[in-house]
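# Commentary on secondary and tertiary structure
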Amino acid sequence: MNWSDQELIDGCKRQSRKHEEVFFKRYYGFVMGIGLSYVKSRDQAQEITQDSFLKFFDSLKKMDQAPSVKPWLRRITVNTAIDYYRKNKRIQNHEEADGETPVFDPVYAPDDLAYEEILKLLYQLPEDQQIVFNLYEVEGYSHREVAEQLNITESSSRVYLTRAKTKLRQLIKLHLKEYAGR
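Each value, and the rule that gives it
Residues numbered from 1 in each chain as written. Predicted model: local features only at pLDDT ≥ 70, side-chain atom pairs only at ≥ 80, totals over all residues. Heavy atoms only, no water. Helix = DSSP H or I, 4+ residues; strand = E, 2+ residues; numbered from the N terminus. Buried < 20%, exposed > 50% of the residue type's maximum accessible area, 1.4 Å probe, protein only. Contact = heavy atoms within 4.5 Å. Axes fitted to C-alpha atoms, helices over the stretch in contact; angles between N-to-C directions. Parallel < 35°, antiparallel > 145°, perpendicular 65-115°, else oblique. Left-handed = near helix turned anticlockwise from the far one by under 90°. Nonpolar A, V, L, I, M, F, W, Y, C, P; charged D, E, K, R; others polar. Salt bridge = Lys/Arg side-chain N within 4 Å of Asp/Glu carboxyl O. Core = buried A, V, L, I, M, F, W, Y, C linked by side-chain atoms within 4.5 Å. pLDDT = per-residue confidence, 0-100.

## Quick look at the overall build of the protein
Across its full length, the protein carries eight helices and zero strands. Mapped in sequence order, the helices and strands of the protein form the string α-α-α-α-α-α-α-α. Per-residue burial for the protein yields a buried fraction of 40% across its 182 residues. Within the protein, counting contacts between residues at least 6 apart in sequence, those at least 24 apart form 66% of the total.

Right, dumping it as structure tokens:
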């Protein structure tokens, strides 16, 4: 069915399973992509994706006028990822990977270097650094907003971001050396 976003939202407000299914299929990749940028496994991203859609459908009941779909869905998904992080946060101190741990998967494709390889590099960051990097650099949050969202101090947000950037630079250099050697 080729329904407009507004027709889909109207159907979802009526709790039409068909409209919800079409909406889910239309925006699944978008939401899953956001989820994958915040967690290290597809299973975790899938959990965030499912929760985001449930929250989206639930929020429709409370709204008279729906805002633009993609920004609204992005905000819900980012907030769901933050909630997931808070809920699953284990120990504050993370051990950095030692130099003997293999850093890259041996599969490389010269033409597909962009998105997939960047995600692989981001996944190698400690969880705190990864989420701060995403919130600050990708989503455009300020350090104050990041600190509020994650219940940390602004200075911790800055430290995590600095460490994330330093680690990413190291990983990129290593990646490029290994890639050039193939």
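Back to the write-up after that little detour.
## Describing the packing of helix H1 (residues 5-13) against helix H2 (residues 17-36)
Between H1 and H2, whose axes approach to 8 Å, the crossing angle comes to 135°. Compared by their axis directions, H1 and H2 come out oblique. Where H1 crosses over H2, the two elements pack in a sense that is left-handed. Residues Asp5, Glu7, Leu8, Gly11 and Cys12 of H1 lie in contact with H2, whose contacting residues are His19, Glu20, Val22, Phe23, Arg26 and Tyr27. By residue class, the composition of the contact of H1 with H2 is five nonpolar, two polar and four charged.

## So, the pattern of salt bridges
In this structure the tally under the stated criterion is twelve salt bridges. A salt bridge links Glu20 to Arg17, with the nearest nitrogen and oxygen atoms 2.5 Å apart. Residue Glu20 and its partner Arg17 are located together in helix H2, separated by three residues, close to a single helical turn. You can call Arg17 exposed: its relative accessible area is 64%. Where Asp58 meets Lys61, a salt bridge forms, and the shortest distance between an N and an O atom there is 3.6 Å. Assessed through its relative accessible area of 34%, Asp58 is described here as partly exposed. Three or more residues joined by partner-sharing salt bridges are found here, namely Lys55, Asp83 and Arg86.

## Describing the nonpolar core
Counting 29 residues, the largest nonpolar core has Tyr38, Val78, Ile82, Ile131, Val132, Leu135 and Leu150 as its most contacted members. Sorting the residues of this core by element identifies H2, helix H3 (42-60), helix H4 (69-88), helix H5 (115-123), helix H6 (127-138), helix H7 (143-150) and helix H8 (154-180) as the ones contributing at least two each. Among the nonpolar cores identified, the runner-up in size contains 16 residues, and Val22, Val31, Phe53 and Ile76 belong to it.

## Section: the packing of H2 against H3
Between two packed helices, both the angle of their axes relative to each other and the distance between the axes serve to describe the pair. It is at 9 Å that the axes of H2 and H3 come closest, and there the two elements cross at 135°. Judged by the inter-axis angle, H2 sits oblique to H3. Judged by the twist between their axes, the crossing of H2 over H3 is right-handed. In this structure, H2 contributes Glu20, Phe23, Phe24, Tyr27, Tyr28, Val31, Met32, Gly35 and Leu36 to the contact, and H3 contributes Arg42, Ala45, Gln46, Ile48, Thr49, Gln50, Ser52, Phe53, Phe56 and Phe57. In the contact of H2 with H3, the residues fall into twelve nonpolar, five polar and two charged.

## Details of the confidence of the model for the protein
The predicted model of the protein has a mean per-residue pLDDT of 82, with 83% of residues at 70 or higher. Taking the mean pLDDT of every element in the protein, the minimum, 78, falls on H5 and the maximum, 94, on H2. For the stretch residues 91-113, pLDDT sits under 50, and the model shows 33 contacts to residues farther than four places along the chain or on other chains.

## Concerning the environment of Lys165
Positionally, Lys165 belongs in helix H8. Put simply, Lys165 and Phe133 are 32 residues apart on the chain and 7.9 Å apart in space, counted from C-alpha to C-alpha.

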